[in-house]
Amino acid sequence: MINMQRLEMFVAVVEAGSFTGAAQTLGLTKAVVSFNIKQLEQELGVALLTRSTRRVAATETGEKFYHRCQHLLQDAAQILDDIHSEHNGLSGSLRITTTPEYGARVVVPALAAFAGKHPNLRIQHVSSSKNDDLIAGRFDVAIRLGQLADSSHHARLIDKFAIMVVATPQHLATQPIENLQQLADAKWIAHSRLLTPLSWQVTTPAGETVLFSARHPAMITADSAASLLAFTLADAGVALLPAWLVQNKLAEGALVQVLPDHHFPHQGIYALYPNTRHLPEKVRAFIDFLHEFTRLKSS
């Protein structure tokens with residue numbers, strides 16, 4: 001049976017590039033690290049490292065073994081974390097990224113409630129209009145809205161939301177919109193990160209599905225829903241925005257829904273998490289919690 005501590009020492013040596021650096025990282029002596037690496041190589045019957053006076057590096061076999069050791073140690077740590085969580089509650093850190101708007105309105109309240117149930121868990125929330133990379137950003141979960149692009153990550157559908165065309169009463173008084181033809185000629189405010197921001201499938205009052213496309217490029221583009229909303233409230237034109245973002249402004253009369261009898265496709269709210277062999281319990285627990293939280297909030 002392979003000694004897991006020796007695997008940890010081997011990984012530390014490869015990452016440090018020396019026995020001395022690995023020993024300092026692990027809080028051991030250089031002699032102990034060197035002895036255990038030699039024992040590991042003898043047990044496997046292969047040379048894992050090449051040694052020189054200046055640096056230690058992995059052999060070709062050692063490089064492959066190094067990556068497998070990384071996965072094995074990560075899985076072992078997550079399994080131990082899950083066992084600890086079952087008896088002592090969730091611990092460690094949970095790092096999440098969301099868009100600023102949906103994050104502030106839904107995810108942050110959910111995180112606050114989740115943190116209250118798990119006082120030993122540290123929450124790290126990152127707000128970004130960009131789709132930050134999960135691996136590079138060391139995120140446990142990313143909340144994505146709309147249509148998902150192809151990805152190697154796992155995704156779970158949390159909820160769906162309606163989108164609607166809105167404008168101010170003042171804008172519509174000068175440029176009324178009573179049909180799709182007039183909507184196609186409207187002054188559009190569009191999201192700059194969408195591939196086709198002004199082309200959508202629309203369901204008409206007769207129940208037919210038609211392809212709607214604006215006749216002209218957007219007059220204004222912005223990279224966040226908050227900016228689109230601000231431009232719309234400033235009478236700059238019409239925008240297609242999430243119902244959860246504009247419902248208060250509609251209730252106040254600051255905005256009006258354009259062509260309310262025409263329906264645009266509902267959009268998804270997804271929880272993305274890295275494609276690992278073992279899903280950490282803290283990730284599973286939060287995704288389950290967020291799903292239930294949004295269900296209760298929308299009911």
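Rules and cut-offs
Residues numbered from 1 in each chain as written. Predicted model: local features only at pLDDT ≥ 70, side-chain atom pairs only at ≥ 80, totals over all residues. Heavy atoms only, no water. UniProt positions renumbered as here; feature names shortened; annotations may be inferred. Core = buried A, V, L, I, M, F, W, Y, C linked by side-chain atoms within 4.5 Å. Buried < 20%, exposed > 50% of the residue type's maximum accessible area, 1.4 Å probe, protein only. Domains from an automatic or database assignment. Contact = heavy atoms within 4.5 Å. Axes fitted to C-alpha atoms, helices over the stretch in contact; angles between N-to-C directions. Helix = DSSP H or I, 4+ residues; strand = E, 2+ residues; numbered from the N terminus. Parallel < 35°, antiparallel > 145°, perpendicular 65-115°, else oblique. Nonpolar A, V, L, I, M, F, W, Y, C, P; charged D, E, K, R; others polar. Salt bridge = Lys/Arg side-chain N within 4 Å of Asp/Glu carboxyl O. Phe/Tyr/Trp six-rings, centres within 6.5 Å; stacked < 30°, edge-to-face > 60°. Expected span 1.5 Å × (residues − 1). Polar contact = N/O pair within 3.5 Å; in protein donor to acceptor, adjacent residues only side chain to side chain.

The name an unreviewed UniProt entry assigns to the chain is LysR family transcriptional regulator, from the organism Pantoea rodasii. Under the heading Sequence similarities (unreviewed entry), UniProt records this for the chain: "Belongs to the LysR transcriptional regulatory family."

A. Layout of the nonpolar core. Formed by 59 residues in total, the largest nonpolar core has its most connected members in Leu183 and Trp188. Three or more residues apiece are contributed to this core by two domains, here domain 2 (89-161 + 268-298) and domain 3 (163-265). Residue contacts for Trp188: discarding those within four places in its chain leaves Val165, Leu183, Leu198, Phe212, Ala214, Ala218, Met219, Ile220, Val238, Ala239 and Leu240. Of all hydrophobic cores here, the second largest spans 18 residues; its members include Phe10, Ala22, Ala23 and Leu49.

B. Main features of the packing of helix H1 (residues 4-16) against helix H3 (residues 30-44). One way to put it is that H1 packs onto H3 with a least axis distance of 9 Å and a crossing angle of 110°. The angle between H1 and H3 places the two elements in the roughly perpendicular class. Contacts between H1 and H3 pair Arg6, Leu7, Met9, Phe10 and Val13 from the former with Val32, Val33, Phe35, Asn36, Ile37, Gln39, Leu40 and Glu43 from the latter. In terms of residue class, the contact of H1 with H3 is built from nine nonpolar, two polar and two charged.

C. Region of interest: the pattern of salt bridges. Here the structure, examined in full by the defined rule, presents seven salt bridges. Here Lys249 makes a salt bridge to Glu252, at a shortest N to O gap of 3.8 Å. Pair noted here: Lys249 and Glu252 are both in helix H9 (residues 243-252), with a separation of three residues, about one helical turn. The exposure class assigned to Lys249 is partly exposed, which follows from its relative accessible area of 28%. A salt bridge links Arg284 to Glu281; the shortest N-O distance between them is 3.6 Å.

D. Broad picture of the UniProt feature "domain: HTH lysR-type" (unreviewed entry) in the chain. Using the residue numbers shown here, the UniProt feature "domain: HTH lysR-type" (unreviewed entry) corresponds to residues 2-59. Taken end to end, residues 2-59 comprises 62% helix and 10% strand; its first and last C-alpha atoms sit 19 Å apart.

E. Here's a closer look at the packing of aromatic side chains. Here the structure, examined in full by the defined rule, presents eight aromatic pairs. Centroid distance Phe161 to Trp244: 6.2 Å. Interplanar angle 75°. Geometry classified as edge-to-face. Here the residue Phe161 occupies a position in strand E6 (residues 154-161), and Trp244 occupies one in helix H9, the gap between them amounting to 83 residues. The class of Trp244 is buried, set by a relative accessible area of 13%. Ring geometry for Phe289 against Phe293: centres 6.2 Å apart, planes inclined by 25°, an arrangement best described as stacked. Here Phe293 and Phe289 lie together in helix H10 (residues 281-298), a separation of four residues that amounts to about one turn. Under the relative-accessibility criterion, Phe289 is labelled buried at 18%. Of the aromatic side chains, those joined through ring pairs into one cluster are Phe114, Phe286, Phe289 and Phe293.

F. Local environment of the domain arrangement of the chain. Under the domain assignment, the chain is made up of domain 1 (4-83), domain 2 (89-161 + 268-298) and domain 3 (163-265). Relative placement of domain 1 and domain 3: their C-alpha centres are 58 Å apart.

G. Structural context of H1. The first and last C-alpha atoms of H1 sit 18 Å apart over 13 residues, in line with the 18 Å expected at 1.5 Å per residue. The set of residues buried in H1 consists of Arg6, Leu7, Met9, Phe10, Val11, Ala12, Val13 and Val14. The backbone nitrogen of Gln5 lies 2.8 Å from a side-chain oxygen of the residue at the head of H1, namely Asn3. Two residues or fewer past H1, Gly17 is found with a positive phi of approximately 80°.

H. Quick look at the side chain of Asn36. Counting through the fold element by element, Asn36 comes out in helix H3. When near neighbours in sequence (up to four residues on either side) are disregarded, Asn36 contacts Arg6 and Met9.

I. Quick look at unusual backbone geometry. One non-glycine residue, Asp235, lies in the positive phi region at around 65°. Tracing the backbone through its elements, the reader meets Asp235 in the loop between helix H8 (225-233) and strand E12 (238-242). Classification of Asp235 by relative accessible area gives partly exposed; the value is 35%. Phi is positive for Leu259, which is not a glycine, with a value near 50°. Looking at the secondary structure, you find Leu259 in the loop between strand E13 (256-257) and strand E14 (267-273). A relative accessible area of 9% places Leu259 in the buried class.

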